[in-house]
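Structure at a glance
Okay, here's what each chain looks like letter by letter:
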Amino acid sequence: MQTTQVTDGVFRLSANVHDILFEGMWPIPHGFSMNSYIVKGDKVAIIDGVCDWDGTPEVLFDQFKQMDVKAEDIDYVIINHMEPDHSGWLKDFKKIRPDFKIVTTAKAKKLLEAFYEIENETIVVKSGDTLDLGDGRVLAFEEIPNVHWPETMATFDTKSGALFPCDAFGAFGAITDSPYDDQLSQDEIEFFEEEATRYYANIVGAYSAPAKKAVMKTESLPVKIIAPGHGIVWRKNPQKIIDDYKRYAAYSKGPAKEEITVIWGSMYGNTEQAVAPVVEGIKSEGVKVNVHRVPETHYSYVLRDVWNSSGVVLGMPTYEYKMFAPMAVVVDEMGRKKAMNRKAFRFGSYGWSGGAQKELDEIQERYKMGWDFLEPVEFNGAPSKEELDLIYQRGKELAIQVREWVRGEA
Ligand code: FEO
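Nothing here was measured: the structure is a model prediction, and the numbers come from that model. (Residues numbered from 1 in each chain as written. Predicted model: local features only at pLDDT ≥ 70, side-chain atom pairs only at ≥ 80, totals over all residues. Heavy atoms only, no water.)

In this section: the sheet that holds strand β1 (residues 4-7). One open sheet accounts for seven strands, arranged β1-β2-β5-β6-β7-β8-β9; its pairing is mixed. The open sheet has two free edges, formed respectively by β1 and β9 (122-124), since each of these has just one partner strand. The sheet shows a mean angle of 25 degrees between the axes of neighbouring strands, taken without regard to direction. The pairing of strand β7 (residues 76-78) with strand β8 (residues 102-104) spans two bridges and is classified as parallel. Note on β8: the bridge partner recorded for V77 is I102. (Pairing = 2+ DSSP bridges. Helix = DSSP H or I, 4+ residues; strand = E, 2+ residues; numbered from the N terminus. Axes fitted to C-alpha atoms, helices over the stretch in contact; angles between N-to-C directions.)

If you want it as structure tokens, here you go:
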């Protein structure tokens, strides 16, 4: 991968990863980038880094060579966020540059010792502090706690107007040697928007209140460029990703888009019979519907669509007096990630006894999810014609509720 110039005196370095589960759990079929930035005044700073997976730090070091930068030329290592996808390279860096100087928050300093036993000279900074690199380039720091760990901060280059917010404004998806919004087609921008939504729902969603505060802080700065730790760099239209993140944060409490996500699982095809009627009921009102079967679809994608949706349908049988287990996992994950206040409906088959409702109520209560359910339709064994008609009607009713809520008519 080639090093590229973001703007005068600011350079982007990056490493892509593929064929892993990010954080050990999230699929990344289109890869994932970790971005790092070199900022040059009279002194040189590197902002953020990459993970320590096999060969990844070497990708970064190769890019130093492309820029004719040596490890000893770097005066400051600025650590916005300590999660190892950004900090893992430090152990390898220390081997070639033992005495590097760190700029970070007090909480991150503790983590540096815990994760890597690094106790190098550290300039501890907080919101409003600055670092003068010389040649008119002053970096300003702004704490943005919990986007995505408590120690996180953003760095702002007052000379160029480039903001380095690390996880905030990031996206899944590997990037190429053309990583700037002004170099990408509309299709490519839309691809990264989809990957940004999934990234947000999977990684940042649980911290939507802090994310909203971070966006507000961003808007108080004269930002011209957004250079995140993951995904593309926004220098033509940074307001787009700011507006997108505002929307994503707001979707946590709802309403989100005028969409409904139907999630279903079935053991012997009885619950499955009711999926088509509920989908048809929703479509009859012209509301967009996303359909996912679990566990076949990974909850990463289900969560992305639920994040975008103002309505959710859960179709599942009772299993051992409880919810169909893969559905329990998915709904629990939605609670953890704070997909709150959805309009909802549940249907499903039971044999000798129900029980799914009790566990669903427990999960809803545990996470204070606040979903507003229509009366459920449970059927003994296979659904009758009357029950299928009722499920169609519930789909229609849910679609009407969603439309009215999103349009402010409810
Ligand atoms: Fe990209 Fe929270 O690390």
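Our next topic: the pattern of salt bridges. Taken as a whole, this structure holds 32 salt bridges when the rule is applied. A salt bridge links E121 to K101; its shortest N-O distance comes to 3.8 Å. Placement of the pair is E121 in the loop between α4 (106-116) and β9 and K101 in the loop between α3 (90-96) and β8, with a sequence separation of 20 residues. You can call E121 exposed: its relative accessible area is 54%. (Salt bridge = Lys/Arg side-chain N within 4 Å of Asp/Glu carboxyl O. Buried < 20%, exposed > 50% of the residue type's maximum accessible area, 1.4 Å probe, protein only.)

Time to look at a nonpolar patch on the surface. Judged by side-chain polarity, M267, Y268 and Y319 come together as a nonpolar surface patch covering roughly 370 Å² of accessible area. In this structure, Y319 sits in strand β18 (residues 318-319). (Patch = residues over 30% accessible without salt bridge, like charges linked within 9 Å, V, L, I, M, F, W, Y side chains within 5 Å. Areas by Shrake-Rupley, 256 points an atom, 1.4 Å probe, with all protein chains shown as cover.)

In a soluble, globular protein the nonpolar side chains are often hidden away together inside. F64, W89, I263 and M334 are the most contacted members of the largest nonpolar core, which has 90 residues in total. With eight residues, the single largest contributor to this core is helix α5 (residues 186-204). In terms of domain composition, this core takes at least three residues from each of domain 1 (4-251) and domain 2 (257-403). Dropping the residues within four chain positions of it, F64 is found in contact with L13, I38, I46, V69, I74, W89 and F93. (Core = buried A, V, L, I, M, F, W, Y, C linked by side-chain atoms within 4.5 Å. Domains from an automatic or database assignment. Contact = heavy atoms within 4.5 Å.)

Attention now goes to helix α10 (residues 325-336). In this model α10 runs 17 Å from its N-terminal to its C-terminal C-alpha over 12 residues, within 8% of the 16 Å that 1.5 Å per residue would give. Of the residues making up α10, those classed as buried are M327, A328, V330, V331, D332, E333, M334 and G335. Packed against the buried residues of α10 are β4 (26-27), β15 (257-264), α9 (299-308), β17 (309-315), β19 (322-323) and α11 (356-366). K338 sits one or two positions beyond α10 and adopts a positive phi of about 65 degrees. (Expected span 1.5 Å × (residues − 1).)

Once that is clear, we can look at the pairing of strand β12 (residues 153-157). Of all five residues making up β12, five are buried, and the element is well covered by its neighbours. Neither face of β12 is open: one carries M153, T155 and D157, the other A154 and F156, and all of them are buried. With three bridges joining them, β12 and strand β13 (residues 162-164) adopt antiparallel strand pairing. When the bridges of β13 are listed, F156 appears paired with L163. Linking β12 back to β13 in an antiparallel pair, the connection comprises four residues, with G161 at a positive phi of about 80 degrees.

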